[in-house]
Structure formats: C-alpha cells, structure tokens
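# Residue-level structure breakdown
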Amino acid sequence: MDGKDAEATFVELAAAEAAVPEAPADMAPEDWLSFILFWVLSGVVFLQFVTRYILNDSLAWTEEIAGYLLMVLCFTGSAMAARRGSHIAVEVFVLMLPAGARRYAYMLADVLTVAFYGILCFLCFQVAQAMQFQPMIVVDVPLSVVYWGIMAGLVLMTLRAAAFGLARARRA
Amino acid sequence: MTALLFVAFLGLLCIGVPVAVALGGASLIYVWAEGMLPPLVVLHRMAAGVDSFPLLAIPFFIMSGSLMNSAGITERIYSFALALVGWLRGGLGHVNVVGSVIFAGMSGTAVADAGGLGNIEIKAMKDHGYPLPFAVGLTGASSTIGPIIPPSLPMVIFGVMANTSIGQLFAAGLIPGLLMALTLMCWVAFVSHRQGFKRDAAFSVATLGRTGKRAFLPMMTPVLLVGGMTTGAFTPTEAAIAATFYALFLGTVVYRTLTWRGLVRVTAETLETTAIVLLIVAAASIFGWLVTTTRVTEQVATWVLAITREPWAVLLLVNIFLLIVGCFLETIAAITILVPVLMPLMLAIGVDPVHFGLIMVLNLMIGLLTPPVGMVLYILARVSGLSFEATMRACAPFLIPLFICLGLVTYWPSMVLWLPTMMYR
C-alpha cells in the first residue's frame, strides 16, 4: 500500500462526479415526442411482463402495440440523431481529402441523405394510404395509423438532416 | 444487376452518408433499376424490419445500463471490487477488470462501459501511481468484455439478423467473458510483476463483508439479468424491462440520486442511441433481403470454399476479414451487413450459428480498439486527455491477451457452446 486509501479515492471521485450539476437537457419537440412514446412503450412492455408472470397469460394486444410503438420510435428517434448529426457514417475516406474537397464531399453526402429521407417520406405516404383499410392483428385500428406516425418521424428527419447539412456547409 | 447493389452501397458508404442511408439508398437504386418490385417495398421492409420482439430489448438494456451508471452506484461496486481483488499485486488493475465484469452484467455496449466507467477507473489508477497508458489501455481492453457477457446489444442484433436464439447467444457469452477477464488479470499480474506495482489494499474479511453489503442491491441487477436469461427464466426483452424498472426503483426510492433532469437526459441519450441502431437494422433488413434473393451469398461461400475447405482455415480467413472490417466499420453496421453474407459459409463448414455469433462479436469488439475507426479509442482519448495516437499505443499491448481469447473462442467451440447446450436442451 502506498499510504493513500484506495477506497477513499473511489468515494472522492464518485462524489466529484455527483457534484457536477445536471445541465438542462437540450430537448427539441421530437425529443419530447420520443420521450412520451418511450415511456408509454415501457408501460406496455411492463404490463405484458406482469400479466405473463402473475396472470400466467399475457394480454394479446401488448406485444402487437409494443412492436408498433418501437417502429414509430425508430423514426422519431432518428430525427433526434439527425438534428445532432450523430447517425453513424464511415468518415475515414472523407477525412483523407484536402479541406476544400472535403467540404464538397460533405455537401454531396448531405444532399444524398436528405434526398433519401425525402423519398422515404413519399414512399411512406403511399404505404399509409394502401394500409388505410387494413386493420391491426389484435386491435381494431387501421394499420395506416402506424405509418402516419412513421411518416411524421421521417418528415422531421428530412428537415433536421437538411438543417444540419446547411449548418455544416456554412461552417466550412 | 447484382453488382449494382454492392457498388451503390460501397459508393454511398465511402462518400460518408450514414450507414443506414447507404444500405437503404443502394436498395432503392437496385429496386428502381431492376423494375420488378414497387419502390414502396423499401420503406415497408424497413419499417417491418424493426417490428420484432427481441429488438424491444435494445432501448431497455441501454436505459438500465445508463440508469445504473448515473444512480451513484459506481463507487459501491468499485469499493467491493477493491475488497475482493485490491490486495493482489497491481490491485487497481485487477479492480478495473472485476468492475468491468460486474458492469458487463448490467450494460450491453463497450462504448457505454468505456464512457461511463473510464473516467473513474483511469483517475483512480493515475492517483495511485499507475502509468497513465497502462490505465488507459486496460480500461479499453476491459470495456470489450461488456458485450461478451450478457446482456449484449451486438448479440441481440446478431440474433435478429441470423435468426438465432438470443438467449442461447447470451448463455454462450458468459464463460468466454469470464475467460477474457481471467486472461486480462493474468496480463495485469504479469505487467505488475515486471514493473513492480504494489498492492492497493490489505485483505480483510470485515471490509469484504461491509462493502459487499453496500453493493448488494446494485449487484442484484447482474445476478437477476445474467441468471434469469442464461437459465431461460426470462426472455431477454423481459429481463431488460425488469432491469430498467429495478434501476429506476434504486435511483428514485432507495438511493434518491435520480433527478427529473437526469431522467430526461438519460432517456434522450438512450433513445438517440437506440434509434441510430434501429435505423441501421431497418435499412439492413431490406438490403439483406435483396442480397439473399440475388443468391450472391452462395457465390461468396463457393468462392471461399474453392480456396480451402478446411474449417480451421476458413475460420482463420473469416477472423482476419472481420478484424479488417472491424477497423473501418462500427459494430452494429458490420453485423447487419455481414451476417447475411457470411452465414451460408459458416453453415457450409458446419460452424454453429451461436458459436459464430461469439466469434463475430469478439472480433468487432477488438476492432473498437484499433484505428482508424475505434469508438472506444475516441472515448478514452477524451476521458484521459491523452492524444488519439497515444491512446492507440496504450491499447496496443492489450491486444495480445485479447487475441489469445479470440483464438480460444474460435478454436474451442465446446467452451463456448457448453452452457447454451446445458441450458437450452
């Protein structure tokens, strides 16, 4: 032992970490939308868990609804990531370019990304319309509701990706 | 026509669009050019790809891990680990590994482990006179245990993509994960002996009992999760939701460390990570489907088997290939893209899908410690204040014990498959 108590070090470091005040989270509308969807989803999955173990028979609608909520959450959450520019990309090759060319590479990537999201919005509109009279499996609600939710996420994604791309083009 | 799918994908990927956009965009271009399917199939497949019960586990595993990290329990776990192994030579090095093993039982990603624990692990070791590169390298290496020991996000993705039981994959990870910890501890003992590191605590049963009691409630999370899932009592999704609510209970009722702001932040971070992963899975499900219908994967298998039919040689080639891919591609992206391509090959040489899952995930975890794209390296550089190059050099020696583990996992299938066959007969 070198004099200093290692346990005290851990207590000290943990206290220092806890003392840092929690900064207010940077929350946009899609963040709150996802926040609500997620906690509703937690409730639904928890209900299923409880009914399976206590009543020995899970409520049939919980599994289906949970799946749909996750589908919508995937796209609203992707809008969150698009706003922060945190979607995973392979940037090694772009970073190898000289600064001038890199700027155009970023612009090209952003334009293609926004175009892809935009096309997905359009395709989602088509799917939602096609699903108008198709009911869900257990619950008697048209499946199009899920696709309208996804479309909302996609529209937000497109807008956020465009804003992110514009900001990056200006910065460079 | 098939070439178009791959050329478009690689082209988009290299331009630097998000991986999900490269996968989905290439699929869209292929569907358009081929003209056999309506383009809306791309979106429909993407959305349907996310609608799976096992994928529901992902947000809850991420959530429970970050909740446990922010609920002020880190110090309790470390004090317990210190009482357990701190009396060994190079004590805090061993504590680093044991702490990571315990947290591995609560969290599912290496990146979360390196980010959440790296700070306290590295600072404590530095305070007690360990060389900074040793602390940084060890923290990086021990963070790769996280996704091997259940719960594990990469394993969930592998299970969904390969249509393999996630429960079995989880059970298969337990023994290799503990083996990795043991190998790393041997490495720490070896370095400590050579460099003359000291012991950092005296062994005492009283301290062990006291710290053990303080760490008891948090320790129940890994016990419940790992125990419940490997025995098949809980499905991974149920275990994940139970762990999330247990962590919420600890944070709000027992320790009262979780604030509303903290909850909002943790939820937002969880959802961002979840969505990034799920969007890749969504796009990979249309891409993978198109790849399978083109039968190109069978051609890949035939092509490799023309070089050699020896299973050990094929496994060696696949390992080398995965290590190279792991240098450039992020874990989840690599799994979603490569599972449909490599699975037929593995089945052709008679490798169990569960065994292959372990091989693949371990390879990609090692990739997190190698440049140019090493997520863990970036995090450790930020946490420790070392430069990226210095972090890289610090992690390099620890690749030796990790490669030893990779060799064992690859060529000793009965070690990997013993527990899952016991539990899921």
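Residues numbered from 1 in each chain as written. Chains lettered and ligands numbered in written order. Predicted model: local features only at pLDDT ≥ 70, side-chain atom pairs only at ≥ 80, totals over all residues. Heavy atoms only, no water.

Before going further, it helps to examine the overall build of chain A. Secondary structure summary: chain A contains six helices and zero strands in total. The secondary structure elements of chain A, listed N-terminal to C-terminal, are α-α-α-α-α-α. With the principal axes as the frame, chain A shows a C-alpha extent of 70 × 55 × 30 Å. The buried share of chain A, taken over its 172 residues, is 44%. A sequence separation of at least 24 residues applies to 66% of the contacts in chain A between residues at least 6 apart. Carbon and sulfur atoms provide 69% of the accessible area of chain A, an area that totals close to 8,700 Å². If the 10 positive side-chain charges of chain A are averaged to one point and the 15 negative ones to another, these points end up 16 Å apart. (Helix = DSSP H or I, 4+ residues; strand = E, 2+ residues; numbered from the N terminus. Buried < 20%, exposed > 50% of the residue type's maximum accessible area, 1.4 Å probe, protein only. Contact = heavy atoms within 4.5 Å. Areas by Shrake-Rupley, 256 points an atom, 1.4 Å probe, with all protein chains shown as cover. Lys, Arg positive; Asp, Glu negative; His and termini not counted. Charge placed at Lys NZ, Arg CZ, Asp CG, Glu CD.)

Each helix and strand in chain B was counted, giving 22 helices and zero strands. Here chain B has a C-alpha radius of gyration of 22 Å; the compact-globule value for 425 residues is 22 Å, and the two agree. If one aligns the C-alpha atoms of chain B with their principal axes, the spans along those axes are about 70 × 50 × 45 Å. Out of the 425 residues belonging to chain B, those deemed buried represent 63%. Long-range pairs, those at least 24 residues apart, make up 79% of the contacts in chain B with a sequence separation of at least 6. Surface summary for chain B: the accessible area is close to 14,700 Å², and the carbon and sulfur share equals 69%. Looking at chain B, you have 19 positive and 15 negative side-chain charges, and the mean spots of the two groups are 13 Å apart. (Rg over C-alpha atoms; globule rule 2.2 N^0.38 Å.)

At the interface, 79 residues of chain B touch 70 residues of chain A. The interface formed by chain B and chain A holds three salt bridges in total. The partner of Arg-52 of chain A in a salt bridge is Glu-238 of chain B, with the nearest N and O atoms 2.5 Å apart. There are nine residue pairs in polar contact (both at pLDDT 80 or more) connecting chain B and chain A. Ranked by residues supplied to the side of chain B that touches chain A, first place goes to helix H14 (residues 260–293) of chain B with 15 residues. In the side of chain B that touches chain A, the residues fall into 52 nonpolar, 14 polar and 13 charged. (Salt bridge = Lys/Arg side-chain N within 4 Å of Asp/Glu carboxyl O. Polar contact = N/O pair within 3.5 Å; in protein donor to acceptor, adjacent residues only side chain to side chain. Nonpolar A, V, L, I, M, F, W, Y, C, P; charged D, E, K, R; others polar.)

Let us look at the packing of aromatic side chains. Considering all chains together, one arrives at 25 aromatic pairs over all chains under this definition. Three or more aromatic residues joined by ring pairs make a cluster, and in this case those are Phe-46, Phe-49 and Tyr-53 of chain A together with Phe-234 and Phe-245 of chain B. Above the plane of the ring of Trp-289 of chain B lies Arg-45 of chain B, whose end atom (NZ or CZ) is 4.2 Å from the centre. (Phe/Tyr/Trp six-rings, centres within 6.5 Å; stacked < 30°, edge-to-face > 60°. Lys NZ or Arg CZ within 6 Å of the ring centre and 35° of its normal.)

This part is about unusual backbone geometry. Residue and element names in this part refer to chain B. Between Pro-150 and Pro-151 the backbone carries a cis peptide bond, its omega angle lying at -5°. Relative to the elements of secondary structure, Pro-151 occurs in the loop between helix H8 (132–143) and helix H9 (153–162). The residue after Pro-371, namely Pro-372, is reached through a cis peptide bond having omega 0°. On the secondary structure map, Pro-372 appears in the loop between helix H18 (353–367) and helix H19 (375–384). A positive phi is found at Asn-163, a non-glycine position, where the angle reads about 55°.

All names here are of chain A. Note that Phe-164 resides in helix H6 (residues 144–171). Classification of Phe-164 by relative accessible area gives partly exposed; the value is 22%. For the pair formed by Phe-164 and Leu-70, sequence separation is 94 residues and the distance between their alpha carbons is 25 Å. Excluding residues that lie within four positions of it along the chain, Phe-164 makes contacts with Ala-82, Arg-83, Arg-84 and Gly-85.

Another point: the state of the cysteines. Counting across every chain of the model gives zero disulfides over all chains. Free cysteine: Cys-124 of chain A, not disulfide-bonded; nearest cysteine sulfur from Cys-121 of chain A at 7.6 Å. A residue is classified by how much of its surface remains accessible, and Cys-124 of chain A, at 0% relative accessible area, is buried. Cys-395 of chain B carries a free sulfur, and the closest cysteine sulfur to it, the one in Cys-327 of chain B, is 13 Å from it. With relative accessibility at 1%, the residue Cys-395 of chain B sits in the buried group. (Disulfide = S-S within 2.5 Å.)

All names here are of chain B. By the secondary structure assignment, Leu-386 is in the loop between H19 and helix H20 (388–395). Overall, Leu-386 belongs to the partly exposed group, its relative accessible area being 21%. Remark: the alpha-carbon pair of Leu-386 and Gly-209, spanning 177 residues in sequence, is separated by 37 Å. The contact partners of Leu-386, leaving out residues within four places of it in the chain, are Leu-132, Val-136, Ala-381 and Thr-391.

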